Amino acid sequence: MELLGITMGDSSGVGPEILLNAFQRGEITCPFVAYGDTAALERYNTHGVELRSITQPDEYRPGVLNVVNAGLMSGADVTPGAINAKSGHAAREYVIAATKAALAGQITAMVTLPMNKEATQLTDPGFTGHTELIGALCGVEDVTIMLASDQLIVTHVSTHCSLSDAIARAKFDRICTIIRMTSEAVLRLKPEAKIAVAGLNPHAGENGLFGEEEIREIRPAVEWAQAQGMPVEGPFPPDTVFFLAVRKKRYDAIVCMYHDQGHIPLKLLDFEAGVNVALGLPIIRTSVDHGTAFDIAGQGIASTVSLLRAIEFAQRLIRT
Ligand SMILES: [Zn+2]
């Protein structure tokens, strides 16, 4: 049976209520188990959703919300909207449990609700992010995130670093790796897909007039990928490549050189419905494209759209 695992995220944030609301409204139509703490979920359970604690995914029963219960949080430990070392640590443990279950084939894919980096770092100072944690558990180093909406798919050569670091990281080897991972993922979704690579500088450097990264790093990486048979073109001027992809429908995905280059157009097009898809893992993992939203946690108003899209995307990947 196809069974998804959904981690409920940091219980100080909006993860638990999104999960409960989506389940209560019948929006999640596939079988799944939640990874989290039943007592913490109960704290947000204003609609009387029937929760059932289990220890293994194969104890799944339809009609109730099955929780692979970590037993780390009591209801009293939950502090909506506040940084909480205990919930930060627990959120990490849910992800570890779900990753192990996915690696063991007990769940078909994992979908993650948000953790809070700051809260998790209180007990795990080396914690850098969800994707890195899952990558380490899977024993892989080259992992990256693909950001997908209905209109646009983007990947990034670097993400969470300063702009000056991002420029320093736009190097041949890394660009080749990201193009390869993008190409593998996008061709799986659409065999005839075409991929564009954005430049780094204005006008993609204008033949070296506005910077040489295109000449030295990006173009050689594109040529390497083409020689490997990947359907890749570029580097394109960053200010026009999104128009070519979204309006002219010439490209299915864009390899971007840094975080904002890809995130700004994607969020402008579809703020709520972005999905994060991890590339380079031996398991299927998608994630909501929003954070813990401490400012609205506990109010029951957080949108379920990104979770539903992340579930849909995981199912799409299962079927390809
Ligand atoms: Zn970001």
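Residues numbered from 1 in each chain as written. Predicted model: local features only at pLDDT ≥ 70, side-chain atom pairs only at ≥ 80, totals over all residues. Heavy atoms only, no water.

A. How the structure looks around the pairing of strand 11 (residues 275-279). For strand 11, the buried fraction is high: five of the five residues fall into the buried class. For strand 6 (residues 144-148) and strand 11, the ladder comprises five bridges, and the chain directions are antiparallel. Considered in strand 11, the bridge of Leu-147 is made with Asn-276. Across three bridges, the pairing between strand 11 and strand 12 (residues 285-288) is antiparallel. Within strand 12, the residue paired with Asn-276 across the bridge is Ser-287. (Buried < 20%, exposed > 50% of the residue type's maximum accessible area, 1.4 Å probe, protein only. Helix = DSSP H or I, 4+ residues; strand = E, 2+ residues; numbered from the N terminus. Pairing = 2+ DSSP bridges.)

B. Examining the layout of surface pockets more closely. Estimated volume of the largest pocket: approximately 1200 Å³. Along its surface, the largest pocket is lined by 43 residues, and Lys-117, His-160, Asn-276, Val-288 and Asp-289 are the ones closest to its centre. Listed by contribution, the elements that provide at least two residues to the lining of the largest pocket are helix 5 (130-138), strand 6, helix 10 (259-269), strand 12 and helix 11 (305-319). Residues of the lining of the largest pocket, tallied by class, amount to 16 nonpolar, 19 polar and eight charged. Each of two domains, domain 1 (4-139 + 280-319) and domain 2 (151-269), supplies a minimum of three residues to the lining of the largest pocket. (1 Å grid on protein atoms, 1.4 Å probe; cavity = no way out; pocket = protein on both sides within 12 Å on 5 of 7 lines; lining within 4 Å. Points joined across faces, edges and corners; volume = space filled by probe spheres on them. Nonpolar A, V, L, I, M, F, W, Y, C, P; charged D, E, K, R; others polar. Domains from an automatic or database assignment.)

C. Region of interest: the environment of Met-110. One can find Met-110 in strand 5 (residues 109-112). Here the alpha-carbon distance between Met-110 and Ile-318, two residues 208 residues apart in the chain, equals 11 Å. Setting aside residues no more than four positions away along its own chain, Met-110 makes contact with Gly-5, Thr-7, Val-95, Ala-98, Thr-99, Ile-134, Ile-283, Ile-284, Arg-285 and Thr-286. (Contact = heavy atoms within 4.5 Å.)

D. Summary view of the nonpolar core. Within the largest apolar cluster, 89 residues are counted, with the highest numbers of intra-cluster contacts made by Ile-28, Ile-179 and Leu-307. Both domains that furnish three or more residues to this core are identified here as domain 1 (4-139 + 280-319) and domain 2 (151-269). Apart from the residues within four sequence positions on either side, Ile-179 is in contact with Val-197, Ala-221, Val-222, Ala-225, Met-230, Val-232 and Val-255. (Core = buried A, V, L, I, M, F, W, Y, C linked by side-chain atoms within 4.5 Å.)

E. Spotlight on the pattern of salt bridges. A complete count under the given rule lists 12 salt bridges for this structure. Across the salt bridge formed by Asp-252 and Lys-190, the nearest N and O atoms sit 2.6 Å from each other. Here the residue Asp-252 occupies a position in the loop between helix 9 (238-247) and strand 10 (253-256), and Lys-190 occupies one in the loop between helix 7 (172-189) and strand 8 (195-198), the gap between them amounting to 62 residues. According to the relative accessible area criterion, Asp-252 is partly exposed, its value standing at 22%. A relative accessible area of 32% means that Lys-190 is categorised as partly exposed. Its salt-bridge partner being Glu-233, residue Lys-194 comes within 3.8 Å of it at the nearest N-O pair. With Lys-194 in the loop between helix 7 and strand 8 and Glu-233 in strand 9 (residues 232-236), this pair connects stretches of sequence that are 39 residues apart. For Glu-233, a relative accessible area of 29% gives the class partly exposed. (Salt bridge = Lys/Arg side-chain N within 4 Å of Asp/Glu carboxyl O.)

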